[in-house]
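# Examining the three-dimensional arrangement
Residue strings, one per chain:
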Amino acid sequence: MREASAKDALLPGTLEMLVLKTLTRAPLHGYGIAQYIRQVSEDVLQVEEGSLYPALQRLQLKGWVASEWATTENNRRARYYRLTPLGRKQLAAESANFDRVIGAIARVMKPA
Amino acid sequence: MQKIVELWRRIVFLRRREQLDRELAEEMRFHLEMKVEENVADGMTPEEAVLAARREFGNQTLLREVSREMWGFTTIETLLQDVRYGARTLRKSPSFTLVAVITLALGVGATTAIFSVVSAVLLRPLPYPEADRLLYVGQLYRSGLAGSGEPKFLFWREQSRSFEALACSSGYGGAGGNLAGGQEAAYVPGRRVSEDFFRVLGIYPALGRAFTHEEDQPGGPGVVILSYRLWQRNFGGDKGLIGKTITLNDRPVTVVGIMPPDFRFGSEVGLFVPMRARPGANVDPNAEVIGRLKPGVSVEQAQAELKVIAEKYREAFPRQMLEGETVGAQPYQDFFTEGVAKYLWIVLGAVCFLLLIACANVANLQLTRAASRRREIAVRLALGAAGGRVARQLLTEGLLLALVGGAAGLLVTLWGTRLLWALIPRGVLPTVTDVTVDWRVLTFAFATAIGTGLLFGSAPALQARKVDVNTALKDSPGRGATARSRLRDLLVVSEVALSLVLLVGAGLLVRTFANLLSVAPGFDPRNVLTFQIDLNGGRYATASKATAFYSDALERIARLPGVESAAVTNKLPLDWQFNMPIFLTAQPDEARSVQFRMISPDYFRVMKIDMRQGRSFSNADNTSAPPVAIVNEAFVQRFFGGQDPFAQQLSVGRGTDDPARQVVGVVADIKQQGLDRPAPPMVFVPLAQVPDKLMATVRTFTSANFVVRTTGEPLGLSQAVKREIAAVDPTLPLSHVSSMEEIGARSVAAQRFNMLLLGLFAALGLALAAVGIYGVMSYAVAQGTREIGIRMALGAQRKNVLWLVAGQGMTLTLIGMAVGIAASFALTRLLKSLLFGVSATDPLTFAGISLLLCLVALIACLIPARRATKVDPLIALRYE
């Protein structure tokens, strides 16, 4: 259960932003998204893998991502998610907001 | 816009939800497979890899559920699912469902039935338009509001500006009378009303018109307005009756109006005549004044104005106002409900206790079932159901049960309101014409059902949250024989406490009723026929004519076979009261308000009232003999203060023509206002010696009441008696034919009703509590079979086992009783005004009821305890 608490440490709401960001490179399936986030963050950000799926459903509902079934390189059926134009806009808004919050936190933590 | 698109997507997805669900499952499966491959590549064994992948992925079922919920329609969907599932579970255990539904139906039904009465009396407005503007106006003393005399009413009406109209009405002074014409001569109770009476109430005759100003003047033309019922019954609903003349009390009167069918005023008023109030004539000092406030005028404003008017009246007529007297007003509805409101709330409170007991019982039943469903719940939790989801499902099941119980309860209500309406003593609720199940009652029943559902449904739901999957799945329900849940114990304790309170209340009312029945009324009510004849007509205006009629009629009746003796009085015992001012010759300035009776010589013999001293009346006590009177013991005690009663003289009435009368006898006291009230001082005079003026005054308020002592069943003689009266005067109708025993029963009808009602609640409560204790103990025995087996294998005696089990149940009972006794001490005080001859904390009742409850609980404990002793140690240990 210790792992779970580490994973939960992800700031609320950031999972969706991370997913959107991941998808800017190319369409990906759920497993791919989880893997990518883990690798790029050098294992610091471990998504509880299952929780990715409710998040993906929500993103679809909002219309920020779309999905279609396709085959993977090793010839297996998987659902690929891609960013919609609306999702791109949302990502821009969220990352701007994120930068502002991070900047603010940084200023508090390391005052000049 | 964004929202609409989102909604559209939801709808699209809702239609494809099964496909979506499948896709989600496939997607997750793909994810897990990839993960397994990755783990294997990292060097795990295949088994390890699968487990690790699952662990990292999390609760699949839950995640799928969360994903589905994302689409937002799940709430309704799960609700429907829960309802379907709940219905199936309930169907699967029909005996549980039946017991629960019956229990709930009783609780909800009884509560709603009582509420329907509360609603009809307290919540439903009086049956007049804008009834909230109606005020009762009266003389205000420190003791409260009272009726007013007609001259005062005239003054208020002239002076006040707060009212749109002010009206006065009285049931005395020639209000009703003998109505000839139509099918049969009949005595009809009536009401004298002032001209604006119908305007104040806001209801006018349906046919014809209301009274005019001229008709309400002294000496105005004889007119009458009939009630719809009288018009239908005596005149066959003839529309041509308007403008025609009928005979009322031997005088011709013109019918000017017929009231609408649903018009109600008083209990059985059949006709209305103009009041014709005069400033100089205080015909009925207790007449009823009502006013309709002008729009926008508040009750307080009207009260303030009336106070000022009262002082003006005092200035003008200082001798007509008592010290501290003023004029007050209160909403007309309160005037009727004031007396019963508190009582109704008590009854509603009592029935709520019953409802709570029913709730506790069903909660208990559900807990028992939930316990046997622990495994089912554990399995569902293990398969990934969210704890809240399971709790919600159990709650839904509870609500479903409550609604079914509530629906069944409505049937109980329909039947119960009819029963209640039949049992409620007449005249207690004069404004209520019927008790119906209206929207208020339906809403109440629905809310009660939902409330109870939440109450007893939450118990198992709370417990489901605490189910520990591990222990529940490992099975072995065989915890000790002492294993009961704290919640269930609490429920039993409260059931016992609640039913004890109900039982104590019922016990006190039973004792009250028994005390009433053991009161000696001072006369013998058995085998006495009574009836009334109203001699208000012109033919019997003088005392001598009336007296001649009485002695003729009595002589004929007394000769009838089966009749021992017959007499007449102006007021029967146990039937309200009639006072006159009495003046002792020794203190001529001091008026004493005393019960006054004018009787024929045989009255004491017929009623079997004991002569204590002196002599009774005889036929010799007539106009040519010296005037005499007889008083009762209460009178002697109160007014003669140890002096020789036969040395006293008295006269009756203020400013009447009554002579000074010699007291010639003292009779035993008789009960007048009720068996629970002390016998009032009373003066009797011989009818033959009553002068004209005094007789006219007495007749304004009372009729002639005949009493006939029979050898057999009294009512069997009513036809024969009717014939004899007709032989003397065929135009005189008899009314209020009844036996003296019936009148006695009527005087204790309210106490009888209280006793029956609370007794019924208490009996139901006791039965439910017994079932509750029995259920808990049975369950404990079933759960503890193994422990009992071990104990017996180790040499425990049956006796020990019996007391081990029964002792637990009795401990709970005793705790509940302690709580109940404490609560009863606090609550029975509310009953104080309903009790007679027993204190609200009567130790005998408390002890007796406790003993009764103890016995019932003991039986409820012993049955399962005996079952425990029959446990075969071998079987008990092998089983499981």
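Keep in mind it's a predicted model, so treat the numbers as computed, not measured.

This paragraph deals with the interface of chain A and chain B. Listed per partner, the contact involves 16 residues of chain A and 19 residues of chain B. Elements supplying a minimum of two residues to the side of chain A that touches chain B: helix H3 (30–40), helix H4 (52–62) and strand S3 (77–83) of chain A. Element by element, the count of residues in the side of chain A that touches chain B is highest for H4(A), at 6 residues. Its residues placed into classes, the side of chain A that touches chain B shows 5 nonpolar, 5 polar and 6 charged.

Glancing now at the environment of B:Ala360. Residues and elements named next belong to chain B. Among the secondary structure elements, Ala-360 is positioned in helix H11 (residues 332–372). For Ala-360, a count of 29 C-beta atoms within 10 Å puts it in the buried group. In this structure, the C-alpha to C-alpha distance between Ala-360 and Phe-456, residues 96 residues apart in sequence, is 6.7 Å. Those residues within four positions of Ala-360 in sequence are excluded, and the remaining contacts are Leu-491, Ser-494, Glu-495 and Gly-772.

Turning to the nonpolar core, a few remarks are in order. One finds B:Leu354, B:Leu502 and B:Phe761 to be the most contacted residues of the largest nonpolar core, which totals 103 residues. Ignoring sequence-local partners within four residues, the contact set of B:Phe761 consists of B:Ala110, B:Ala350, B:Val351, B:Leu354 and B:Leu502.

Right, let's talk about the confidence of the model for chain B for a bit. Residue and element names in this part refer to chain B. Across chain B, the average pLDDT comes to 87, with 94% of residues at 70 or higher. The secondary-structure element of chain B with the lowest mean pLDDT is helix H15 (residues 469–473), recorded at 65, while helix H18 (residues 603–607) shows the highest, at 97. Low confidence marks residues 477–483, where pLDDT is under 50. Its contacts with residues over four positions away, or in another chain, come to 18 contacts. Two numbers describe this predicted complex: its pTM, 0.77, and its ipTM, 0.82.

Quick look at helix H5 (residues 85–109) of chain A now. Residue and element names in this part refer to chain A. With 25 residues, H5 should cover 36 Å at 1.5 Å per step; its first-to-last C-alpha distance of 36 Å lies within 8% of that length. For H5, every residue scored as buried is listed here: Gly-87, Gln-90 and Leu-91. In this structure, the buried side of H5 is in contact with helix H2 (14–23), strand S2 (65–71) and S3.

Next up on the list: unusual backbone geometry. Residue and element names in this part refer to chain B. Phi at Asp-250 is positive, roughly 70°, even though this residue is not glycine. Structurally, the position occupied by Asp-250 is in the loop between strand S9 (245–248) and strand S10 (251–258). According to the C-beta neighbour criterion, Asp-250 is partly exposed, with 15 such atoms within 10 Å. In this structure, Asn-527 is a non-glycine residue whose phi angle is positive, near 55°. With respect to the helices, strands and loops of the structure, Asn-527 is situated in the loop between helix H16 (486–517) and strand S14 (528–533). For Asn-527, a count of 19 C-beta atoms within 10 Å puts it in the partly exposed group.

Residue and element names in this part refer to chain A. Spatial strand order, S1-S3-S2: 3 strands in an open sheet with antiparallel pairing. The sheet is open, and its two edges are formed by strand S1 (28–29) and S2, each paired on a single side. The sheet contact formed by S2 and S3 spans 7 bridges and is antiparallel. Bridge pairing links Val-65 to Leu-83 in S3.

A few words now on the sheet that holds strand S24 (residues 735–739) of chain B. Within a sheet, adjacent strands bond to each other through the backbone by hydrogen bonds, running parallel or antiparallel. All names here are of chain B. Here we have 4 strands laid out as an open sheet, ordered S15-S23-S14-S24, and antiparallel in their pairing. Two strands bound the open sheet, and with one partner strand each, they are strand S15 (563–569) and S24. The mean angle between the axes of side-by-side strands here comes to 15°, regardless of whether they run parallel or antiparallel. Sheet topology places S14 next to strand S23 (residues 704–710); 6 bridges connect them, and they run antiparallel. Opposite Thr-530, over in S23, you have Val-707 as the bridge partner. In the packing of helix H22 (residues 740–747) onto the sheet, contacts are made with S14, S23 and S24, and the angle to S24 comes to roughly 90°.

Next up on the list: the confidence of the model for chain A. Residue and element names in this part refer to chain A. Here chain A averages 81 in pLDDT, and 86% of its residues register 70 or above. Ranking the elements of chain A by mean pLDDT puts helix H1 (residues 2–8) last, at 39, and S3 first, at 90. Across residues 1–8 the pLDDT falls below 50, and counting only partners more than four positions away or on other chains, this stretch makes 5 contacts in the model.

Turning to the pairing of strand S21 (residues 661–667) of chain B, a few remarks are in order. All names here are of chain B. As paired elements, strand S18 (residues 611–614) and S21 share 3 bridges and run antiparallel to each other. Across the sheet, Met-611 pairs through a bridge with Val-667, a residue of S21. Note that strand S19 (residues 628–632) and S21 share 5 bridges and pair parallel. Considered in S21, the bridge of Val-628 is made with Gln-662. Pairing between strand S20 (residues 649–652) and S21: 2 bridges, direction antiparallel. Considered in S21, the bridge of Leu-650 is made with Arg-661.

Below, the discussion takes up the pairing of strand S3 (residues 163–170) of chain B. Residues and elements named next belong to chain B. Within S3, 6 of the 8 residues are buried, which leaves the element mostly enclosed by the surrounding structure. Pairing of S3 with strand S12 (residues 288–293) involves 6 bridges; the strand directions are antiparallel. Bridge assignment links Cys-168 to a residue of S12, and that residue is Val-289. With 2 bridges connecting them, S3 and strand S6 (residues 190–193) associate as antiparallel partners. Each bridged residue has a counterpart across the sheet, and for Ser-170 the counterpart in S6 is Arg-192.

Moving on, we come to helix H17 (residues 543–559) of chain B. Owing to its 3.6 residues per turn, the α-helix brings residues three or four apart onto one side. Residues and elements named next belong to chain B. Here H17 spans 24 Å end to end across 17 residues, near enough to the 24 Å set by a 1.5 Å rise per residue. Taken as a whole, H17 has its buried residues at Ala-543, Ala-546, Thr-547, Phe-549, Tyr-550, Ala-553, Leu-554 and Ile-557. Along the axis of H17, the buried positions cluster into a sector of 160°, meaning they face one direction only. H17 presents Glu-555 and Arg-559 as exposed residues on the side facing more than 90 degrees away from its buried surface. Check the buried side of H17 and you find it contacts S15, helix H20 (692–701), S23 and helix H21 (718–728).

A separate point is the packing of helix H23 (residues 749–783) of chain B against helix H26 (residues 843–869) of chain B. All names here are of chain B. As a packed pair, H23 and H26 sit with axes 9 Å apart at the nearest point and diverge in direction by 25°. Between H23 and H26, the angle is such that the two are roughly parallel. As H23 runs across H26, the sense of the crossing is right-handed. Along the contact surface, H23 presents Leu-766, Ala-770, Ile-773, Tyr-774, Met-777, Ser-778 and Val-781, while H26 presents Leu-853, Val-856, Ala-857, Ala-860, Cys-861, Ile-863, Pro-864, Ala-865, Arg-867 and Ala-868. For the contact of H23 with H26, the per-class residue count stands at 15 nonpolar, 1 polar and 1 charged.

What counts as what
- Numbers given for residues are sequential positions, taken from 1 along each chain in its written order.
- Here the convention is simple: chains get letters from A, ligands get numbers from 1, in the order in which they are written.
- For this predicted model, a pLDDT threshold of at least 70 governs which residues receive local features, and a threshold of 80 or more governs which side-chain atom pairs are given and counted, while totals over whole chains, interfaces and linings are taken from all residues.
- C-beta atoms are first placed from the backbone for all residues, and any pair lying within 7 Å is then listed as a contact.
- The secondary structure listing takes helices from DSSP runs of H or I that are at least 4 residues long and strands from runs of E that are at least 2 residues long, numbered from the N terminus.
- Throughout this entry, Asp, Glu, Lys and Arg are counted as charged residues, while Ala, Val, Leu, Ile, Met, Phe, Trp, Tyr, Cys and Pro are counted as nonpolar. The remaining residues, Gly among them, count as polar.
- Burial in this document is a count-based property: other C-beta atoms within 10 Å of a residue's C-beta are tallied, and the residue is buried at 20 or more, exposed at 12 or fewer, or partly exposed in between, with C-beta positions derived from the backbone.
- Residues enter a nonpolar core if they are buried, belong to Ala, Val, Leu, Ile, Met, Phe, Trp, Tyr or Cys, and are joined to the set through C-beta atoms within 7 Å.
- Confidence of the predictor at the level of single residues is given by pLDDT, which spans 0 to 100.
- To estimate how far a helix should reach, multiply one less than its number of residues by 1.5 Å.
- Strand pairing is defined by DSSP finding a minimum of two bridges between the two strands.
- Helix axes are fitted to C-alpha atoms over the stretch in contact, other axes to C-alpha atoms as well, and angles between N-to-C directions run from 0 to 180 degrees.
- Taking the helix axis as origin, the arc is that swept by the directions to the C-beta atoms.
- Roughly parallel means an angle under 35 degrees; roughly antiparallel, over 145; roughly perpendicular, 65 to 115; everything else is oblique.
- Helix crossings are classified by the rotation of the near helix relative to the far one: an anticlockwise turn of less than a right angle makes the crossing left-handed, while a clockwise turn makes it right-handed.

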